[in-house]
Structures are given as C-alpha cells and as structure tokens.
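So you can see what is in the structure, the chains are spelled out below.
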Amino acid sequence: MANGTIAFDTLQTSGQITGTAKSLDTDYVVNGSAKAWHHANEDATPVVEDSFNVASLTDTANGRQGINLTNNMANTNYVAQASNHESQVRFYFTGSLTTSSYISEAYANNASAYQDAHQNSIAHGDLA
C-alpha cells in the first residue's frame with residue numbers, strides 16, 4: 001500500500017451547512033488546535049485516564065503532577081491551563097514550563113495546602 005500526501009490550504013463544505021462559515025484556512029486549524037491535553041486521577045499515584053501528546057505523568061509532590069509530553073513544544077512560550085470537577089479544589093500552573101513538560105498543581109481552597117485530585121490540562125502553542 002502506497003502512502004501519499006494530501007496538500008490543501010482551505011477546508012470547505014459542500015454547501016449543505018447554512019448559517020455558518022463554509023470554509024476555514026488550514027493555518028487556523030493547525031495553530032488553533034490543542035497540542036496536548038490530559039485527564040488524570042491522582043488519589044496516590046497519578047494515573048492517566050485519557051490524553052493526547054502526553055507520554056507520562058510524574059508525581060512531584062502532594063497535589064502536583066508533572067505532565068511529560070510525547071512531542072516537544074517549539075519553545076516555552078506556549079499556554080497551559082488546568083481545570084477539575086472537584087468544587088473544593090482550584091488549579092494553577094507553576095512557571096516551570098519547559099519544551100518537554102509542565103507542572104499542574106491542585107490547591108485546596110479550604111485547607112491552604114496542595115491536595116491530590118482529578119486533574120485536567122490543555123496546552124496550546126507550536127510543536128517543535
């Protein structure tokens with residue numbers, strides 16, 4: 001079976017969709033898509049339950065996960081953000097973005113301390 005390349009600059013619908021844009025520049029798709037995301041459960045040791053471009057997690061401390069990327073980012077100017085579904089926990093990232101990983105921290109609102117929790121993250125930027 002031969003492998004080939006399909007090259008195009010614009011995605012366009014066949015006209016069946018009404019009330020929305022009917023074409024989209026492929027640069028927007030490439031530049032606007034998430035380059036990595038993860039969902040993990042961290043009761044004791046973080047376990048990746050689903051992900052994209054995440055090779056592994058490192059349990060760096062209570063409530064802290066190191067997200068190790070499969071494919072590196074081009075530089076450290078990318079954006080990473082986290083969320084969760086536990087009402088007593090808020091998330092934020094440290095400034096320790098590297099081209100191959102970033103840290104997600106879960107901080108308990110009511111305990112003034114880091115707390116193990118389900119963590120979700122997403123990263124936007126350019127891949128190397």
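Residues numbered from 1 in each chain as written. Predicted model: local features only at pLDDT ≥ 70, side-chain atom pairs only at ≥ 80, totals over all residues. Heavy atoms only, no water.

S.K.: Any chance you could explain the overall build of the protein here in plain terms?
M.R.: A count of helices and strands for the protein gives 1 helix and 11 strands. Tracing the protein from N to C terminus, the helices and strands come up as β-β-α-β-β-β-β-β-β-β-β-β. Residues classed as buried in the protein amount to 31% of the 128 residues present. Residue pairs at least 24 apart in sequence account for 47% of intrachain contacts in the protein once pairs closer than 6 positions are excluded. Looking at the protein as shown, the accessible area adds up to about 7900 Å², and 50% of this sits on carbon and sulfur atoms. (Helix = DSSP H or I, 4+ residues; strand = E, 2+ residues; numbered from the N terminus. Buried < 20%, exposed > 50% of the residue type's maximum accessible area, 1.4 Å probe, protein only. Contact = heavy atoms within 4.5 Å. Areas by Shrake-Rupley, 256 points an atom, 1.4 Å probe, with all protein chains shown as cover.)

S.K.: What's the story with the pairing of strand S7 (residues 79-83) in this structure? I'm lost.
M.R.: The side chains of a regular strand alternate between the sheet's two faces. Residue alternation in S7 divides its side chains into a buried set, Ala80 and Ala82, and an unburied set, Val79, Gln81 and Ser83. In this structure, S7 lies alongside strand S11 (residues 119-124), joined through 5 bridges in antiparallel fashion. Following the sheet pairing, Val79 is matched in S11 by His124. (Pairing = 2+ DSSP bridges.)

S.K.: Help me out: how do you make sense of the nonpolar core in this one?
M.R.: Grouped burial of nonpolar side chains is what soluble globular proteins tend to show. Listed in full, the 11 residues of the largest apolar core are Ala36, Ala40, Val54, Leu57, Ile67, Leu69, Met73, Tyr78, Ala80, Tyr102 and Ala123. Those elements that place two or more of their residues in this core are strand S3 (36-41), strand S5 (54-61) and strand S6 (64-69). Leaving out residues up to four positions away in the same chain, Ile67 has contacts with His38, Val54, Ser56, Leu57, Ser100, Ser101, Tyr102, Ser104 and Ser121. (Core = buried A, V, L, I, M, F, W, Y, C linked by side-chain atoms within 4.5 Å.)

S.K.: When you look at the side chain of Gln65 in this model, what are you seeing that I'm missing?
M.R.: By the secondary structure assignment, Gln65 is in strand S6. A polar side-chain atom of Gln65 sits 3.0 Å from a polar atom in the side chain of His38. Setting aside residues no more than four positions away along its own chain, Gln65 makes contact with His38, Ala40, Glu42, Pro46, Leu57, Thr58, Thr60, Tyr102, Ile103, Ser104, Ala117 and Gln119. (Polar contact = N/O pair within 3.5 Å; in protein donor to acceptor, adjacent residues only side chain to side chain.)

S.K.: Where do I start with the sheet that holds S11 in this structure?
M.R.: Ordered in space as S4-S3-S11-S7, the 4 strands form an open sheet in which the pairing is antiparallel. Every interior strand has two partners, whereas the edge strands, strand S4 (47-52) and S7, have only one. When the angles between neighbouring strand axes are averaged without regard to direction, this sheet yields 15 degrees. (Axes fitted to C-alpha atoms, helices over the stretch in contact; angles between N-to-C directions.)

S.K.: What am I meant to see in the pairing of S5 here?
M.R.: Examined bridge by bridge, S5 and S6 share 6 bridges and lie antiparallel to one another. Residue pairing across strands places Ser56 opposite Asn68, the latter belonging to S6.

S.K.: Help me out: how do you make sense of the pattern of salt bridges in this one?
M.R.: Should the charged atoms of two oppositely charged side chains come close, the side chains can pair. Tallied over the entire structure, the rule returns 1 salt bridge. In this structure, Glu105 engages Arg64 in a salt bridge whose closest nitrogen and oxygen atoms are separated by 2.4 Å. Linking Glu105 in strand S9 (residues 101-108) with Arg64 in strand S6, this pair joins segments that are 41 residues apart in sequence. (Salt bridge = Lys/Arg side-chain N within 4 Å of Asp/Glu carboxyl O.)

S.K.: Could you clarify how one ought to interpret the environment of Ser121 in this entry?
M.R.: On the secondary structure map, Ser121 appears in strand S11. Spatially, the C-alpha atom of Ser121 lies 7.6 Å from that of Ser104, the residues being 17 residues apart in sequence. Polar side-chain contacts of Ser121 include one of 2.6 Å to the side chain of His38. A polar contact of 2.6 Å, which involves the side chain of Ser121, links it to the side chain of Tyr102.

Distances and angles like these do not, on their own, reveal function.
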